[in-house]
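Overview (structure and organization)
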Amino acid sequence: MTDTKTAAQVVLRLDSITKRFGKLVANDAISLSVQQGEVIALLGENGAGKTTLMNILFGQYTADEGTVEVFGQPLPPGNPRAALDAGVGMVHQHFTLADNMTVLENVTLGTQGLLSLRLDRAAARDKLAKLADDFGLQVHPDAKVGSLTVGERQRVEILKALYRDARILILDEPTAVLTPQETDDLFATLRKAVKLGLSVVFISHKLHEVMAISDRVLILRHGRLVAERPIADVSKETLASLMVGSEVKAPTVAPGQPGKTLMRLHEVSTPDRGSAPGLKRVSLSLRAGQVIGLAGVSGNGQGALADLVGGLIGPATGRLELDEAHLNTWSPREAVQAGIARIPEDRHKTGTIAEFDLTENAILEAYNRPPYSRSGWMHWRRAETFTREVIDTYDVRCPGPDTRIRLLSGGNMQKLILGRVLEANPRIILANQPVRGLDIGAVNYVHAQLLAARDRGAAVLLISEDLDEITALSDVIHVISEGRLSPGFARGSKSPAELGVWMAGHGFEAETAHAS
Amino acid sequence: MRLEPVANPSIWRTTLPPAIAIASTVVVASLLAMAAGANPFSVLGLILKGAFGSKFALLETLNRATPLIFTGLSVAVAFRARLWNIGAEAQLYAGALITVVLGTGMLQWGAFALLPALAISSMLAGALVLLVPALLKVRFGVDEVVTTLLFNFIFLLFISMLLEGPLKDPMGMGWPKSERLIAEARLPRIVEGLRLHWGFGLALIAAALVWVIERRTTLGYEMRAVGLNREAAGFAGIPVNRVLIKTALLAGGLAALAGFSEVAGLKGNLTLDLSPGFGYTGIIVAMLALLNPLAVVAAALFVAGIFVGADSMSRAASVPSYLADIMLATALLLMVLAILLTRFRVVRE
């Protein structure tokens, strides 16, 4: 703690913020302050209240109690424009960009009158170029946002905030969607921002990132601020234990006991879709008692493989076999009935129905079978009993089974999905990015559940862009690149660097040459 | 100004805006009545009296509400699954058409056999009429708003052709109207001597059944899931297209019952002015009811009351009965706004 730090100007102060949702206290008298030129990290499990707190600061919610001050001025509650005007900019986890508009249009959207002049646009373009230069956020101003990568879109979001003269940047789980390379770029940008006198609030649950970028870390647990530490004084382990309230044990992964082959893909190809490649003559065996990890850079055919295993598409050519029997018809319902648990990549869009309550979501895949449905009639009481079991068993934090699922945090949503599919005792588990956007507590929980299912004899197909996750959990690793699948590598037989070579698309030519 | 979603709306937030919408509608009507040179209080009083003020008025309102309940249910069911059925008008006429084709002597059965047969064939005809746009939608992605809307005109012209040709009543003095139904094909009155036919009872039963279907059956669950998130529904294994087709069949059948009930209960024959836009007004009814099948009954009574009351008022106060159309349009617009306000909060920037 140096004197310059303590003497620095406090730019943001939250004073005993309390927010309740029904019986749930999302924020319990939280106070914190941020100084100029400082990066603070907000760390906490899902549902710990991080996002709620930031939504209050940004005027999306009004606090039940407490005040927000920005640059010494109290902020009127429930007014995002006031927060913007005061110099607070927020980059949400889910981007708020118009795909069919250009970068420049997105950045200036809402800042100009309806009849803006050509001159204004030229000025806007100059300002954007200068900001991009100052902060190292390179994006082409005339590119359509729809054509940008996720990392580039995030840059546009940050530029949007900076364009509105934000002095305090709030980033909600910014790295959840980024590759390691993109994360490094983001951190470089943040360091530049801090050097230029901005302050950053960084919401995350990736410990090594918090350690890497922040000056100070605040830990939330069950809506309470439980600790506040300078980053120099803590280790990853202490952070983790503070966060979940007990010593965290990373699951120790014993190798699986491979059983018989449950599903086999033989030379399967599927059509390309847009810019994402389909599968190119992919052969793959899913064996009982094994985690099969699929590594690869996003958009290299993972979606096609997930859809194929999940029953959404069938093979265009090649064979799909279940229990050694060739499948002629294949649909999501058949997949569910064949005992395939499907954890979709996008919890919000495909995994749940936002306006349905927990009960209605919990039976989404089983609604047409007993005990929930008999001869066309729903048996809601049975469904609710099941939902309560899932809530208890999987520790879904919610006011009750009749809560609309959109009010739950991502982690709790994922736990409900997990309960929904695992309670059916699946033989095959398709886990597509199962821990994306989750905090360490939830990550470990999901991983432990997947491994437990494996040890009960399920075949787990784990799709992830996080190589660490893949190497930690998988008994066999395949790499996917441009729709082609590498041979299976046994656990520990390839270093991350070697897998990286395959991920970059090398090695497949030799393989196909060898095969033919 | 911008809108932001309200996480858990209070009871006031859900009830107050619709109440204010109705109150504002009354205010707008009063202003217009004043502009027409009448005392607004007496105009409103006359509308109320004309709609509900006497036994005759009340029965007239119930009669007028009957087809609106059917078309309102039809739209509510379809919209719930996000199937934008604008074609209740055509489906209504399909039901009416089948009723006169079978009920003017082709089937010589007793009433207890004939009436159910007519109702069921009407539903089948209406279902068929909506099946075509629904198939076009799920097969080729053709926008059902366009197809169902245009189908209304095609179907009305088709009816017109039939009424000028094969269905024309030879005793009709040259008017384009069908022959009258045989006595066994007429819906009896609920109470002898009162001008209210069993179509109204059928409408109430239909509303209750639709509610049961939506809340208690597997199909209802599927329809709601498909309406709220088609992608998640499809992923979970709900056969989205099949559900849309079933929804279309149900919605088409419900609208057709309006035609059956109007012909068999009220008019006795088919003419081109059978429906003064009941199919389109059904959209207003369904929206006012927030697609809730039980609320459809209340909304239909409200809408029918305004029509009937305004007719009676215009005779007494010489204010044009177009006031009814303006009131309905205002009520609908304000209600749409009110629904928005129940779910979103306006934030001033």
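Residues numbered from 1 in each chain as written. Chains lettered and ligands numbered in written order. Predicted model: local features only at pLDDT ≥ 70, side-chain atom pairs only at ≥ 80, totals over all residues.

Turning our eyes to something else, we now look at the overall build of chain B. Assigned secondary structure in chain B consists of 13 helices and two strands. Taken against the 2.2 N^0.38 rule, which gives 20 Å for 349 residues, the C-alpha radius of gyration of chain B at 21 Å falls within 12% of a compact globule. Principal axes of the C-alpha set define a box for chain B whose edges measure 70 × 60 × 35 Å. Residues classed as buried in chain B amount to 47% of the 349 residues present. (Helix = DSSP H or I, 4+ residues; strand = E, 2+ residues; numbered from the N terminus. Rg over C-alpha atoms; globule rule 2.2 N^0.38 Å. Buried ≥ 20, exposed ≤ 12 C-beta atoms within 10 Å, placed from the backbone.)

What follows covers the overall build of chain A. Helix and strand content of chain A: 19 helices and 23 strands. Relative to the compact-globule value of 24 Å for 516 residues, chain A shows a C-alpha radius of gyration of 24 Å, a close match. Considering only C-alpha atoms, chain A reaches an extent of 70 × 55 × 50 Å along its principal axes. In chain A, buried positions account for 48% of the 516 residues.

The next point concerns the environment of A207 of chain B. Residues and elements named next belong to chain B. Along the chain, A207 falls in helix 7 (residues 198-216). Looking at A207, the number of C-beta atoms within 10 Å reads 25, which means it is buried. As for A207 and A295, which are separated by 88 residues in sequence, their C-alpha atoms are 8.8 Å apart. In this structure, A207 is in contact with I69, L73, P293, L294, V296 and V297, ignoring residues within four places of it in sequence. (Contact = placed C-beta atoms within 7 Å.)

Here the focus is the sheet that holds strand 14 (residues 317-322) of chain A. One open sheet holds the four strands; their spatial order is 12-11-14-15 (chain A), and the pairing between them is antiparallel. The open sheet has two edge strands with one neighbour each: strand 12 (282-287) and strand 15 (325-326) of chain A. (Pairing = 2+ DSSP bridges.)

As a further point, take the sheet that holds strand 1 (residues 10-21) of chain A. All names here are of chain A. What the four strands build is an open sheet, ordered 2-1-4-5; its pairing is antiparallel. The open sheet terminates on both sides in strands that have one partner only, identified here as strand 2 (24-35) and strand 5 (73-74). Two elements, strand 1 and strand 2, share eight bridges in a ladder whose sense is antiparallel. Bridging from a neighbouring strand, R13 pairs with S33 of strand 2.

Before going further, it helps to examine helix 5 (residues 111-140) of chain B. Residue and element names in this part refer to chain B. The terminal C-alpha atoms of helix 5, which comprises 30 residues, lie 43 Å apart, in line with the 44 Å expected from a rise of 1.5 Å per residue. The sharpest bend along helix 5 reaches about 30 degrees and sits at L131, with the proline P133 one to four residues further on. Of the residues trailing helix 5, G141 is marked for its positive phi of about 70 degrees. (Expected span 1.5 Å × (residues − 1). Bend = angle between axes of the 7 residues up to and from the residue.)

As far as domains go, chain A holds domain 1 (3-244) and domain 2 (261-515). Taking the mean C-alpha position of each, domain 1 of chain A and domain 2 of chain A sit 32 Å from one another. (Domains from an automatic or database assignment.)

Here we come to the environment of L159 of chain A. Tracing the backbone shows L159 of chain A in helix 6 (residues 150-163). Beyond its immediate stretch of four places on either side in the chain, L159 of chain A contacts V107, L128, L131, A132 and L137 of chain A.

Another point: the pairing of strand 8 (residues 199-204) of chain A. Side-chain positions along a regular strand alternate between the two faces of the sheet. All names here are of chain A. Counted residue by residue, strand 8 has six buried out of six residues, so it is predominantly covered. Of the strand pairs in this sheet, strand 3 (residues 39-44) and strand 8 are connected by five bridges, and their pairing is parallel. When the sheet's bridge partners are listed, L43 is paired in strand 8 with S204.

Our focus in this paragraph is the nonpolar core. With 255 residues, the main nonpolar core has V88, V460 and L461 of chain A together with V296, A300 and V303 of chain B as its most contacted residues. Here this core spans two domains, and each of domain 1 (3-244) and domain 2 (261-515) of chain A adds at least three residues to it. Ignoring sequence-local partners within four residues, the contact set of V88 of chain A consists of L57, F58, V70, A83, A166, I168 and I170 of chain A. (Core = buried A, V, L, I, M, F, W, Y, C linked by C-beta atoms within 7 Å.)

This next bit is on the interface of chain A and chain B. With 30 residues of chain A at the contact, the number on the chain B side is 19 residues. At the level of secondary structure, the elements contributing two or more residues to the side of chain A that touches chain B comprise helix 3 (80-85), helix 11 (332-337), helix 12 (347-351) and strand 18 (377-378) of chain A. Tallied by class, residues from the side of chain A that touches chain B come to 14 nonpolar, eleven polar and five charged. (Nonpolar A, V, L, I, M, F, W, Y, C, P; charged D, E, K, R; others polar.)

All names here are of chain A. Alignment of strand 1 against strand 4 (residues 65-70), held across five bridges, turns out to be antiparallel. Within the sheet, the bridge partner assigned to R13 lies in strand 4 and is E69. The antiparallel hairpin formed by strand 4 and strand 5 contains two residues in its connecting segment, where F71 sits at a positive phi of about 50 degrees.

Turning to helix 2 (residues 40-52) of chain B, a few remarks are in order. All names here are of chain B. Here helix 2 is 13 residues long and its end C-alpha atoms lie 18 Å apart, about the 18 Å a rise of 1.5 Å per residue gives. Looking at helix 2, one finds that the buried residues are V43, L46, I47, G50 and A51. Across the axial projection of helix 2, the buried residues extend over an arc of 125 degrees, all falling on one side. Buried residues in helix 2 make contact with helix 1 (11-35), helix 3 (55-80) and helix 12 (293-317). (Arc of directions from axis to C-beta.)

All right, on to the confidence of the model for chain A then. Mean pLDDT over chain A: 85, with 92% of residues reaching 70 or higher. The model gives residues 1-6 of chain A a pLDDT under 50, and that stretch makes three contacts with residues more than four places away or in other chains. (pLDDT = per-residue confidence, 0-100.)

In this section: the environment of L499 of chain A. Residues and elements named next belong to chain A. Examined against the element boundaries, L499 turns out to sit in helix 18 (residues 496-503). With 21 C-beta atoms counted inside 10 Å, the residue L499 sits in the buried group. In sequence terms L499 and F489 are ten residues apart; their C-alpha atoms lie 9.3 Å from each other. Among residues more than four places away in sequence, those in contact with L499 are A295, L467, I477, V479 and K494.

Turning our attention to the packing of helix 3 of chain B against helix 11 (residues 278-288) of chain B. Residues and elements named next belong to chain B. Where helix 3 contacts helix 11, the axes come no closer than 7 Å and their chain directions differ by 65 degrees. Crossing of helix 3 over helix 11 shows right-handed handedness. On helix 11, the residues touching P67, L68, T71, G72, S74, V75, A76 and F79 of helix 3 are F278, G279, T281, G282, I283, V285 and A286. Of the residues in the contact of helix 3 with helix 11, the class split is nine nonpolar, six polar and no charged. (Axes fitted to C-alpha atoms, helices over the stretch in contact; angles between N-to-C directions. Left-handed = near helix turned anticlockwise from the far one by under 90°.)

Let us now look at the packing of helix 8 (residues 218-228) of chain B against helix 10 (residues 240-267) of chain B. Residue and element names in this part refer to chain B. In contact at an axis separation of 10 Å, helix 8 and helix 10 are set at 110 degrees when each is read in the N-to-C sense. Classified by the angle between their axes, helix 8 and helix 10 sit roughly perpendicular to one another. Contact residues: L219, E222, M223 and V226 in helix 8; V240, V243, L244, K246 and T247 in helix 10. Grouping the constituent residues of the contact of helix 8 with helix 10 by class yields six nonpolar, one polar and two charged. (Parallel < 35°, antiparallel > 145°, perpendicular 65-115°, else oblique.)

Okay, the confidence of the model for chain B next. Regions with low pLDDT should not have their predicted coordinates read in detail. Across chain B, the average pLDDT comes to 90, with 97% of residues at 70 or higher. Quick note on the complex model: pTM equals 0.74, ipTM equals 0.85.

Now for unusual backbone geometry. All names here are of chain A. Each neighbour pair has its own omega, and for P370 with P371 the value is 5 degrees, a cis peptide bond. On the secondary structure map, P371 appears in the loop between helix 13 (358-362) and strand 17 (373-374). Despite not being glycine, A29 shows a phi value in the positive range, around 50 degrees. Structurally, the position occupied by A29 is in strand 2. One non-glycine residue with positive phi stands out, namely D165, at about 60 degrees. Looking at the element boundaries, D165 is found in the loop between helix 6 and strand 7 (168-172).

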